[in-house]
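Coordinates in review
Below are the chains, spelled out letter by letter.
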Amino acid sequence: MAGRINDEDVKAVRDAVPIDAVVSEYLSLRNAGGGNLKGLCPFHDEKSPSFQVSPAKGLFHCFGCQEGGDTITFVRKVDHLTFSEAVERLAAKAGITLRYEEGGYNPSHQRGERIRLIEAHKAAAEFYAKQLDGPEAETGRRFLAERGFDQAAATHFGVGYSPAGWDHLTRFLRGQGFTDKELITSGLAQDGRRGPVDRFRGRLMWPIRDIGGEVVGFGARRLREDDNGPKYLNTPETPIYRKSQVLYGIDLAKKDIAKASRAVVVEGYTDVMACHLAGITTAVATCGTAFGQDHIKILRRLLMDNGSARVIFTFDGDAAGQKAALRAFEDDQKFAAETYIAIAPDGMDPCDLRLAKGDEAVADLVEPRTPLFEFALRQIVSRYDLETPAGRAAALDEAGPVVARIKSASSQHEVAVQLAGMLGILDTQFVVRRIGQLARWARDRGSDAGPAPRRADGPAHAIETSAPRFSGPALNLRSPAFTTERELLKLALQRPELVSPAFDAYGSDEFTAAPYAAVREAIEEAGGAELGADLGMDYLTRVREAAPDDTVRAMVTELAVEAIRRRTVDEVYAGEQLVKVRLRAVERRIRDLQGTFTRVAAQGDQQQLASVQNELWVLQQYDRSLRNNGAQAL
């Protein structure tokens, strides 16, 4: 059985790795005010950033899908790891040696599968890189040199060589403690007649890294004439490698993509190398598959879709390249960024272009010129005879629905006008009306299927859909009725020293929203706000651990991350929130007692009537004192 990681080590890992540094490996963050950062959520699709990170508190929270937690939670969710795997990965970053309970630590048995496969790939990448220096790899070095890549370039991109023998890597990794099962699962080896053999043999090797910089697969280029395999051979689908979810070069390009709000998508490994060496450090490539929806998600999180973002596709000028461009255009509307296509006049790819004409020619190639929609429409229109009315009508019939898919009404109108010009139709408004009609039909067809199902990750229904604990209609926890309760809980979590010890005397019944009452109970279970004033960041961890379920835990994280409404947060502001919440609770109790008084008076029970009257008088005096003296009356 796997050993449990020592609690002190978990805390050390949580404290040692800044959450903003980890999150920024996966998405672009910008200032959100109040010391927080924001970006596009990696856990659901969104067009404006609702994902916030609080470096001071070590927490993240998405106000769209309600995902939230600490650094360990983020790594678990974004990379689909177990708790132990996430702690191990972060510990490796921080250089922390973990201690394991329940019998000690056995690396070959107790580490999670994903961590083991990552480590196997890291070892393989180092092995291949060393082999590139050997005599057998001469053909590989010559291949690189002929394409303008020297030893420094090979080292920068981690390019290596896989020996031609059957099991060189397999024997090396076995010596590192990896099992045959792990080698097969990783895709580095495959079953042979007498056991595992190397999957890649006699090839030039490019390590494929995920956005976090971990090697998850390889691209292998054929070098020998007697190699009957495909020209490029990639790692098969494995638990850590999905070709539709990785972009080659993203680990090197991500910071510059975020900084420049620009990404260049090329077709191959050598094209990425050529672009980066030519100064285009925002270049990435797909790994043996078409550019698709999951690739878009990766880039959108880095680009932030801030209106000035640009995505430039470079494709070969041949039929296959044009087909690839049209496929990319099918997903164009999933970007908020503007998309362009770049094709060299002579049809050369960036690698050949750099070799023939130098770095400046590559830089000039990827300057945005032709919008992707324009290229796609011209490809459609070119198939028809525009000299005849029938040809123009047929071209409009095919191109019209493409333009109708454009979501922005102003952009749709502008492109419709351009399409009219391409077709040679003088009545521009006819084309505009036709496309508008197609767009309405598409919307109507979409609505015929009935209302769209409610999304569990939508902000309006987050409590209702994810929290069977709180039944009833959807609860808008940002309505004015709950604003003060929300502010007080945020203060109790973020600035406990300002509201303690008074806050700890508040009962959960003073919070009228059930989720807020549950958070109040979690704070009490964790030791209260007064203890929190002394604990620092550990306090939030204790409150989250005290929450009875994931729904309450998510609410704790949300309140801990959300900015307090006042720019200057001090004892005066905290006192105002304490008083408002208490006043509302007192007023509710007074109304209840007034109803009870009326009923008891009708029954004639003088003893109970006197008791109710006395409590009512005390509360009315307290109400008056709160209004006159504020926080001093608490």
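Right, let's walk through the structure included here. (Residues numbered from 1 in each chain as written. Predicted model: local features only at pLDDT ≥ 70, side-chain atom pairs only at ≥ 80, totals over all residues. Heavy atoms only, no water.)

As for the overall build of the protein
Within the protein, the regular secondary structure consists of 29 helices and 16 strands. For the protein, the exposed surface amounts to about 29800 Å²; the carbon and sulfur share of it is 49%. (Helix = DSSP H or I, 4+ residues; strand = E, 2+ residues; numbered from the N terminus. Areas by Shrake-Rupley, 256 points an atom, 1.4 Å probe, with all protein chains shown as cover.)

Here's the deal with helix α15 (residues 350-357)
Because each turn of an α-helix spans 3.6 residues, side chains separated by three or four positions in sequence point in the same direction. Within the sequence span of α15, burial applies to Pro350, Cys351, Leu353 and Arg354. Within α15, the buried residues cover an arc of 165° as seen down the axis, which keeps them to one side. The inward-facing, buried residues of α15 contact β12 (262-266), α12 (269-277), β14 (310-314) and α16 (359-365). If you check the start of α15, you find a side-chain oxygen 3.1 Å away from the backbone N of Cys351, and it comes from Asp349. Positioned one or two residues after α15, Gly358 has a phi angle of 95°, which is positive. (Buried < 20%, exposed > 50% of the residue type's maximum accessible area, 1.4 Å probe, protein only. Arc of directions from axis to C-beta. Contact = heavy atoms within 4.5 Å. Polar contact = N/O pair within 3.5 Å; in protein donor to acceptor, adjacent residues only side chain to side chain.)

A closer look at the sheet that holds strand β16 (residues 370-371)
Across the sheet, 5 strands lie side by side as β13-β12-β14-β15-β16; this open sheet has mixed pairing. Two strands in the sheet have a free side with no partner beyond their single neighbour: β13 (283-285) and β16. (Pairing = 2+ DSSP bridges.)

Concerning the nonpolar core
Residues Phe51, Phe74, Ile250, Ile257 and Leu299 are the most contacted members of the largest nonpolar core, which totals 48 residues. With 5 residues, the top contributor of residues to this core is helix α13 (residues 293-303). The next biggest cluster of nonpolar side chains, apart from the first, holds 43 residues, and it includes Ile208, Tyr269, Cys351 and Ala361. (Core = buried A, V, L, I, M, F, W, Y, C linked by side-chain atoms within 4.5 Å.)

Focus: the sheet that holds strand β6 (residues 160-162)
Taken in spatial order, the 4 strands line up as β6-β9-β10-β11 in an open sheet, and their pairing is antiparallel. Of all strands in the sheet, those with a lone pairing partner are β6 and β11 (232-234), marking the two edges. Strand-to-strand twist in this sheet, taken as the mean axis angle between neighbours without regard to direction, amounts to 35°. Taken together, the 3 bridges between β6 and strand β9 (residues 203-209) define a ladder with antiparallel strand orientation. Across the sheet, Gly160 pairs through a bridge with Met205, a residue of β9. Docked against the sheet, helix α6 (residues 113-131) engages β6, β9 and β10 (215-222), running at close to 35° with respect to β10. (Axes fitted to C-alpha atoms, helices over the stretch in contact; angles between N-to-C directions.)

What about the pattern of salt bridges?
One pass over the full model with this rule turns up 35 salt bridges. The residue Arg116 makes a salt bridge to Glu119 at a minimum N-O spacing of 3.8 Å. Within this pair, Arg116 and its partner Glu119 are both found in helix α6, separated by 3 residues, close to a single helical turn. Salt bridges sharing common partners tie together Arg486, Glu487, Lys490, Glu558 and Glu562. (Salt bridge = Lys/Arg side-chain N within 4 Å of Asp/Glu carboxyl O.)

Quick word on unusual backbone geometry
Residue Pro501 is bonded to the preceding Ser500 through a cis peptide linkage, with omega at 5°. The topology assignment puts Pro501 in the loop between α23 (496-499) and α24 (514-525). Of note, Gln66 is a non-glycine position whose phi angle comes to about 70°, a positive value. Secondary-structure assignment places Gln66 in the loop between β4 (59-62) and β5 (68-70). A positive phi angle is found at Ser261, which is not glycine, with a value near 55°. With respect to the helices, strands and loops of the structure, Ser261 is situated in the loop between α11 (250-260) and β12.

Details of the packing of aromatic side chains
Enumeration according to the criterion identifies 19 aromatic pairs in this entry. Between Phe43 and Phe74, the ring centres sit 5.9 Å apart and the planes meet at 70°, which makes this aromatic pair edge-to-face. Placement of the pair is Phe43 in the loop between β2 (36-39) and β3 (51-54) and Phe74 in helix α3 (residues 71-79), with a sequence separation of 31 residues. Assessed through its relative accessible area of 0%, Phe74 is described here as buried. For the ring pair Phe291 and Phe313, a centre distance of 5.1 Å and an interplane angle of 85° mean the geometry is edge-to-face. Here the residue Phe291 occupies a position in the loop between β13 and α13, and Phe313 occupies one in strand β14, the gap between them amounting to 22 residues. The same class applies to Phe291 as to Phe313, namely buried. Taken together, the ring pairs connect Tyr26, Phe43, Phe51, Phe60 and Phe74 into an aromatic cluster. (Phe/Tyr/Trp six-rings, centres within 6.5 Å; stacked < 30°, edge-to-face > 60°.)

Regarding the pairing of β14
Of all 5 residues in β14, 4 are buried; the element is thus mostly enclosed. Note that β12 and β14 share 4 bridges and pair parallel. Along β14, the bridge assignment pairs Ala263 with Val311. Where β14 and strand β15 (residues 338-342) come together, 5 bridges link them in parallel fashion. The residue bridging Ile312 from the neighbouring strand is Tyr340, located in β15.

Some details on the environment of Val22
Along the chain, Val22 falls in helix α2 (residues 19-23). Through-space distance from the C-alpha of Val22 to that of Thr71 is 7.4 Å; in sequence the pair is 49 residues apart. Not counting chain neighbours up to four residues away, the residues in contact with Val22 comprise Val17, Thr71, Phe74, Val75 and Leu90.

Brief notes about the side chain of Thr557
Looking at where Thr557 falls in the secondary structure, it is placed in helix α27 (residues 550-561). Exposure remark for Thr557: the relative accessible area of 0% places this residue in the buried category. A polar contact of 3.0 Å, which involves the side chain of Thr557, links it to the backbone oxygen of Arg553.

A short note on the packing of helix α26 (residues 537-546) against α27
The geometry of α26 relative to α27 is characterised by a closest axis approach of 8 Å and an angle of 155° between their N-to-C directions. Our classification of the angle between α26 and α27 gives roughly antiparallel. As α26 runs across α27, the sense of the crossing is right-handed. On α27, the residues touching Leu540, Val543, Arg544 and Glu545 of α26 are Arg553, Val556, Thr557 and Ala560. Taken together, the residues that form the contact of α26 with α27 break down as 4 nonpolar, 1 polar and 3 charged. (Parallel < 35°, antiparallel > 145°, perpendicular 65-115°, else oblique. Left-handed = near helix turned anticlockwise from the far one by under 90°. Nonpolar A, V, L, I, M, F, W, Y, C, P; charged D, E, K, R; others polar.)

Just distances and angles here, no functional claims.
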